[in-house]
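Listed here are the chains, written in short residue letters.
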Amino acid sequence: MKTNLSLDLSKTLGMANLEAIRPFAPFAEEALRAVREKSGLGNDYLGWVDLPEAYDATEFRRIGEAAARIQAMADALVVIGIGGSYLGSRSAIDLLGPAFRNELSSSKRSGVRIYYLGHTMSADYVSDFLDVIEGQDICVNVISKSGTTTEPAVAFRMMKAYLEEKYGKEGACERIFATTDADKGALKGLAQKEGYEQFVVPSDVGGRYSVLTAVGLLPMACAGIPIDQVMAGAKAARAHYLSAPFAENPVLQYACARNALARSGKEVELLVSYELRFQYFQEWWKQLYGESEGKDGRGIFPASVIFSTDLHSMGQYIQDGRRMLFETVLRVQKPQRDVKILKDPANLDGLNFLAEKSLHEVNDYAFQGTVIAHNDGGVPNLILQLPQITPEGYGELVYFFELACAVSGYLLGVNPFNQPGVEAYKKNMFALLGKPGYEELAQRLKEKLN
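Residues numbered from 1 in each chain as written. Predicted model: local features only at pLDDT ≥ 70, side-chain atom pairs only at ≥ 80, totals over all residues. Heavy atoms only, no water.

Asker: How would you explain the overall build of the protein if you had to name every residue and give the values?
Answerer: Looking only at helices and strands, the protein has 17 helices and 10 strands in total. Since a compact globule built from 450 residues should have a radius of gyration of about 22 Å, the 23 Å found for the protein is in line with a globular shape. When its C-alpha atoms are laid out on the principal axes, the protein stretches across 60 × 60 × 55 Å. Counting every position in the protein, which comprises 450 residues, the buried fraction comes to 51%. When the accessible surface of the protein is summed, it comes to about 20300 Å², and 53% of that surface belongs to carbon and sulfur atoms. Looking at charge distribution, the protein has the averaged site of its 47 positive side-chain charges lying 2 Å from that of its 55 negative ones. (Helix = DSSP H or I, 4+ residues; strand = E, 2+ residues; numbered from the N terminus. Rg over C-alpha atoms; globule rule 2.2 N^0.38 Å. Buried < 20%, exposed > 50% of the residue type's maximum accessible area, 1.4 Å probe, protein only. Areas by Shrake-Rupley, 256 points an atom, 1.4 Å probe, with all protein chains shown as cover. Lys, Arg positive; Asp, Glu negative; His and termini not counted. Charge placed at Lys NZ, Arg CZ, Asp CG, Glu CD.)

Asker: Just give me the short version of the packing of aromatic side chains, but keep the residues and values in it.
Answerer: Applying the stated criterion to the full structure yields 22 aromatic pairs. The interplanar angle of 90° and the centroid separation of 5.8 Å between the aromatic rings of Tyr-274 and Phe-367 together place this pair among those described as edge-to-face. Linking Tyr-274 in the loop between strand S7 (268–273) and helix H12 (279–293) with Phe-367 in helix H14 (residues 359–376), this pair joins segments that are 93 residues apart in sequence. We classify Tyr-274 as buried; its relative accessible area is 11%. With a centroid separation of 5.2 Å and an interplanar angle of 85°, the aromatic rings of Phe-400 and Phe-401 are classed as edge-to-face. Across the pair, exposure class does not vary: Phe-400 and Phe-401 are buried alike. Grouped by ring-pair contacts, the aromatic residues Tyr-241, Tyr-254, Phe-278, Phe-281, Trp-284, Trp-285, Tyr-289, Tyr-394, Phe-400 and Phe-401 constitute a single cluster. Taking NZ or CZ as reference, Arg-90 lies 3.9 Å from the ring centre of Tyr-280, over its face. (Phe/Tyr/Trp six-rings, centres within 6.5 Å; stacked < 30°, edge-to-face > 60°. Lys NZ or Arg CZ within 6 Å of the ring centre and 35° of its normal.)

Asker: Before we move on, could you go through the sheet that holds strand S2 (residues 76–80) and cite the residues and values that matter?
Answerer: Here five strands make up an open sheet; going across it, the order is S3-S2-S4-S5-S6 and the pairing parallel. One side of each edge strand has no neighbouring strand; the edge strands of this open sheet are strand S3 (113–117) and strand S6 (197–200). This sheet shows a mean twist of 20° between the axes of neighbouring strands, independent of strand direction. In terms of strand pairing, S2 meets S3 through five bridges, oriented parallel. Bridge assignment links Ile-80 to a residue of S3, and that residue is Leu-117. (Pairing = 2+ DSSP bridges. Axes fitted to C-alpha atoms, helices over the stretch in contact; angles between N-to-C directions.)

Asker: How would you sum up a negative patch on the surface? Please name residues and give values.
Answerer: On the surface, Asp-124, Asp-128, Asp-131 and Glu-134 cluster together into a patch of negative charge. Locating Asp-131 in the fold gives a position in helix H6 (residues 123–133). (Patch = residues over 30% accessible without salt bridge, like charges linked within 9 Å, V, L, I, M, F, W, Y side chains within 5 Å. Salt bridge = Lys/Arg side-chain N within 4 Å of Asp/Glu carboxyl O.)

Asker: Got a sec to walk through helix H10 (residues 227–241)? Specific residues and values, please.
Answerer: The end-to-end C-alpha distance of H10, which contains 15 residues, comes to 21 Å, matching closely the 21 Å that a straight helix rising 1.5 Å per residue would cover. Looking only at H10, the buried set comprises Ile-227, Val-230, Met-231, Gly-233, Ala-234, Ala-236, Ala-237, Arg-238 and Tyr-241. Buried-residue contacts for H10 involve helix H2 (25–36), helix H3 (51–54), helix H4 (57–73), helix H9 (214–222), helix H11 (250–263) and helix H15 (391–412). (Expected span 1.5 Å × (residues − 1). Contact = heavy atoms within 4.5 Å.)

Asker: Explain the sheet that holds S7 to me, and be specific about the residues and the numbers.
Answerer: Taken in spatial order, the five strands line up as S1-S10-S9-S7-S8 in an open sheet, and their pairing is mixed. Here the strands that pair on one side only, and so sit at the sheet edges, are strand S1 (6–8) and strand S8 (301–306). In this sheet, neighbouring strand axes are inclined to one another by 25° on average, regardless of whether the strands run parallel or antiparallel. In the sheet, S7 pairs with S8 via six bridges, with the strands oriented parallel. Residue pairing in the sheet places Glu-269 in a bridge with Pro-302 of S8. Across the sheet, H14 lies against strand S9 (325–334) and strand S10 (381–388), angled at about 160° from S9, the strand it touches most. Of the strands in this sheet, S7, S9 and S10 are in contact with H15, which crosses S10 at around 155°.

Asker: Explain the pattern of salt bridges residue by residue, including any values.
Answerer: Close approach of charged atoms allows side chains of opposite charge to pair. In this structure the tally under the stated criterion is 19 salt bridges. Among the ionic pairs, Asp-94 bridges to Arg-90, the shortest N-O distance being 3.8 Å. Residue Asp-94 and its partner Arg-90 are located together in helix H5 (residues 84–96), separated by four residues, close to a single helical turn. Residue class for Asp-94 comes out partly exposed when judged on its relative accessible area of 26%. When its relative accessible area of 16% is taken as the criterion, Arg-90 is described as buried. Salt bridges linked by common partners bring Glu-59, Arg-62, Arg-69 and Glu-197 together as one network.

Asker: Quick one: what's the story with the nonpolar core, residue by residue and with numbers?
Answerer: Ranked by size, the top nonpolar core spans 97 residues in total, and within it Trp-48, Phe-281, Tyr-394 and Phe-401 carry the most contacts. Setting aside anything within four residues of it in sequence, one finds Phe-401 in contact with Tyr-254, Leu-271, Phe-281, Trp-284, Trp-285, Leu-288, Tyr-289, Leu-330 and Leu-384. Residues Tyr-115, Ile-133, Val-142 and Leu-163 belong to the second largest nonpolar core, which totals 22 residues. (Core = buried A, V, L, I, M, F, W, Y, C linked by side-chain atoms within 4.5 Å.)

Asker: Please give an account of the environment of Ala-257 that cites residues and values.
Answerer: With respect to the element layout, Ala-257 can be found in helix H11. Sequence separation of Ala-257 and Ser-313 is 56 residues, and the distance between their C-alpha atoms is 27 Å.

So this is what it looks like as structure tokens:
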């Protein structure tokens, strides 16, 4: 299978075209070698690099079997996780559609309904969720390497009690699937004690890189996504991007282009799409790049917009605000389905010039017009083109951004696989909530708050 993504650097205002980024090429190729040979910073978290080629075949088969059982006994799967433990699968399920899958009848969608819990502490969200699942048969996939992360741990405590009350302890055990560390942790211990079926979060794969493990694959399979096709796309991407020279490697070109733009003062990257179904893919991308690069006082700030929707809210700032932005645009060349615009004999809205055009055609002209306008406003655009949204294309897109993130982090001079800053808020929250052992910190925080 060949790769399908292409990168267009012609709209970067000369700041990051091939000529401008060529001086970065030797450093990018060296960074790629460090990823391939696992010799760079954070190399103990590079297990994701070979996943498409070397995934555990037995676990992959068990994922498919578990998904079939869940589809047979449940109306819905509740995915409990936060950050990479839910954004990956949600990005795939939303992107591959259909858009309103939970509202469709089972005859019009593949797989079960998918709901998400454990990614928020909002009492209103959780209460509304409980209203929605009333009367439905459910299974739960709890995802946590440790089992002690506050948000998913609280959610699982609640759902465990809910299932045991509804189905009895033995029935609940059959409906709980734990994706956790292979050897240790609170969730691992509980899963062994209670007899939950277990899947592995590999110890050498960080959460934001875990979408192509059971973390992402089990919910995808439950939603009816052909995960073998997802992995085939990632495998093709791995084969090409890990070895292709700079001139033929969009991963290296993208990593160099964004670093060149950052050095010229473009410190904010907007990931742009023209399809609403990219929303959670963009959220996954923001975690991937924000958590990987945002350290040591460095890093490009990752943000996202969806056009043409956000042109009516953020368009003014992008066009005329501070010139600190560049855009990476995801352009889909062919939609999964399309709709024709009808002719209106009265033409009261004056839109008959659009008659017989398709919505995708209009959407693509919006893309073309926006790129020109934003270039005229001084905003460079990197354009990543996809022929169509497919499971294979999703796998390739994930691998593209993961590998580019690793290379870009090395170019930036940071370890792209740790996240030391994430722990600060957790310690403060534990102290303020009265967790044992945090008394001294709690006192200091109360003094600051007063």
